[in-house]
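Residues per chain, in single letters:
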Amino acid sequence: MIVTVTLNLAIDVTYRLDRIGRGQTSQVQSVTRRAGGKGVNVARTLQALGHEVVVTGLAGSATGTEARAELASAGLADATVSIAGSTRTTLMVVEADGTATGLSEPGPQITDAEWGQLVGRVQELVAGADALVLAGSLPPGLPITAYAQLIALARAHGVPVLLDTHGAPLSHGAAAGPAVVKINAAELAGVAAGADLASAARELLRSGPEAVVITMGEEGLLAFSAGGAWRAPAPRRVLGNPTGAGDAASAALILGLLRASAWPERLADAAALAAAAVCAPQAGSFDPELYASLRSA
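A few points on the structure. (Residues numbered from 1 in each chain as written. Predicted model: local features only at pLDDT ≥ 70, side-chain atom pairs only at ≥ 80, totals over all residues. Heavy atoms only, no water.)

1. Observations regarding the overall build of the chain
In step 1: When helices and strands are counted, the chain shows 10 helices and 14 strands.
In step 2: Radius of gyration (C-alpha) of the chain: 18 Å, near the 19 Å computed for a compact globule of 297 residues.
In step 3: Expressed along its principal axes, the backbone C-alpha trace of the chain runs to roughly 50 × 50 × 40 Å.
In step 4: Expressed as a percentage of its 297 residues, the buried residues of the chain come to 53%.
In step 5: At a minimum sequence separation of 6, the contacts of the chain that also span at least 24 residues come to 65%. (Helix = DSSP H or I, 4+ residues; strand = E, 2+ residues; numbered from the N terminus. Rg over C-alpha atoms; globule rule 2.2 N^0.38 Å. Buried < 20%, exposed > 50% of the residue type's maximum accessible area, 1.4 Å probe, protein only. Contact = heavy atoms within 4.5 Å.)

2. Concerning the nonpolar core
In step 1: Counting residues in hydrophobic clusters, the biggest one holds 51 residues, and the most contacted among them are Leu46, Val213, Ile254 and Leu267.
In step 2: Sort the elements by how many residues they give to this core and helix H9 (residues 263-278) lands first, with 11 residues.
In step 3: Leaving out residues up to four positions away in the same chain, leucine 267 has contacts with Val213, Leu221, Leu222, Ala223, Trp230, Arg231, Ala232 and Leu253. (Core = buried A, V, L, I, M, F, W, Y, C linked by side-chain atoms within 4.5 Å.)

3. As for the packing of helix H1 (residues 38-48) against helix H8 (residues 245-259)
In step 1: Remark: H1 packs on H8, axes separated minimally by 8 Å, with the N-to-C direction vectors making an angle of 60°. The orientation of H1 with respect to H8, classified from their angle, is oblique. In this structure, H1 crosses over H8, and the sense of that crossing is right-handed. Across from Lys38, Asn41, Val42, Thr45 and Leu46 in H1, the residues of H8 making contact are Asp247, Ala248, Ser250, Ala251, Ile254 and Leu255. (Axes fitted to C-alpha atoms, helices over the stretch in contact; angles between N-to-C directions. Parallel < 35°, antiparallel > 145°, perpendicular 65-115°, else oblique. Left-handed = near helix turned anticlockwise from the far one by under 90°.)

4. Focus on the packing of aromatic side chains
In step 1: Scanning the model with the defined rule gives two aromatic pairs in all.
In step 2: Ring centres of tryptophan 230 and tryptophan 263 lie 6.0 Å apart, and the angle between their planes is 20°; this geometry places the pair in the stacked category. Of this pair, tryptophan 230 sits in strand E14 (residues 228-232) while tryptophan 263 sits in helix H9, and the two are 33 residues apart along the sequence.
In step 3: Classification of tryptophan 230 by relative accessible area gives partly exposed; the value is 23%.
In step 4: Residue classification places tryptophan 263 among the buried residues on the basis of a relative accessible area of 12%.
In step 5: Taking 5.8 Å as the distance between ring centres and 80° as the angle between the ring planes, the aromatic pair formed by phenylalanine 286 and tyrosine 291 counts as edge-to-face. (Phe/Tyr/Trp six-rings, centres within 6.5 Å; stacked < 30°, edge-to-face > 60°.)

5. Some remarks on helix H4 (residues 146-156)
In step 1: Within the span of H4, buried status applies to Ala146, Tyr147, Ala148, Leu150, Ile151, Leu153 and Ala154.
In step 2: Once H4 finishes, glycine 158 follows within two positions and takes phi at roughly 70°, a positive value.

6. Side note on the sheet that holds strand E3 (residues 30-36)
In step 1: Taking strand neighbours across the sheet as the criterion, the four strands line up as E3-E2-E7-E8 in an open arrangement whose pairing is mixed. Bordering the open sheet on either side are E3 and strand E8 (100-104), each of which pairs with just one other strand. Put simply, the sheet's adjacent strands are angled 20° from each other on average, direction ignored.
In step 2: Here strand E2 (residues 10-17) pairs with strand E7 (residues 88-95) via eight bridges, running parallel. Bridged to leucine 17 within E7 is glutamate 95.
In step 3: Packing against the sheet, H1 makes contact with E2 and E3, and its axis sits at approximately 95° to E3.
In step 4: Packing against the sheet, helix H2 (residues 61-73) makes contact with E2, E3 and E7, and its axis sits at approximately 90° to E3. (Pairing = 2+ DSSP bridges.)

7. Concerning the pairing of E2
A regular strand places its side chains on the two faces of the sheet in alternate fashion.
In step 1: For E2, the buried fraction is high: six of the eight residues fall into the buried class.
In step 2: Sheet topology note: the E2/E3 ladder contains seven bridges and is antiparallel. Residue pairing for E3: threonine 14 is matched across the bridge by threonine 32.

8. Describing the packing of H9 against helix H10 (residues 288-296)
In step 1: At a minimum axis separation of 8 Å, H9 and H10 run at an interaxial angle of 150°. Considered as vectors, H9 and H10 are oriented roughly antiparallel to each other. For the crossing formed where H9 meets H10, the hand is right-handed. Residues Glu265, Ala268, Asp269, Ala272, Leu273, Ala275 and Ala276 of H9 form the contact with H10, whose participating residues are Leu290, Tyr291, Leu294 and Arg295.
In step 2: Residues belonging to the contact of H9 with H10 are distributed by class as follows: eight nonpolar, no polar and three charged. (Nonpolar A, V, L, I, M, F, W, Y, C, P; charged D, E, K, R; others polar.)

Here you go:
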């Protein structure tokens, strides 16, 4: 069982239209709504690949109820913790040419008591887990050491962790020793301003994680560990919604970790799954035929 944690759970709303005009009213052609947040997207991808997964995080008010109902309808095991605040909404506008524009709310204020309940829930879940995925931003009210605290719980049970976040929560979380830190190039530049990607990645690696993986969009992925450095190019240029591509890569990376795959294999799989996610209509989905094609190429 793989547990995914989404502290800043959301209702993801996707608008599709021909073209958005700045300062104009645009006609939306279709609207979809479903539970989201990076950890939820990873969970959907893992489930579609046939793996047992449990979703936890913080969900509250009407949008939280909607998110939990949607998780249930999707067949995802829901272990979320109820909060008083309202789960946020994120909006993604996808134009016909594949241009995607997103708006993301900050999330609800979390109390100390609610955070304590979430910590207790994760402690229960990691006791029977094979791996833990911590992904996304922190909602207001949580300590910047939140991910570091959850990593410590997992490590106490011998459970490997993949961490995907940014800023101060990333720095503290990396120092707690996760198995993998997955970060995009822009986020890494924010951690080590002025350094090239390789130097910044090695600096982050020295802070505590066993491996650092950088996603670079159309330029592929880089991985650094004590054993060396590896690169996988993007398999091909694809058009679509890139929002969930990094989450698909996280799903592939945690599976590669559990399989103890060699790093070239892990990165190639992550690049293929990320490309297949770009071609899917929503974050958390991927094109299975394209994925199979890219992996067999």
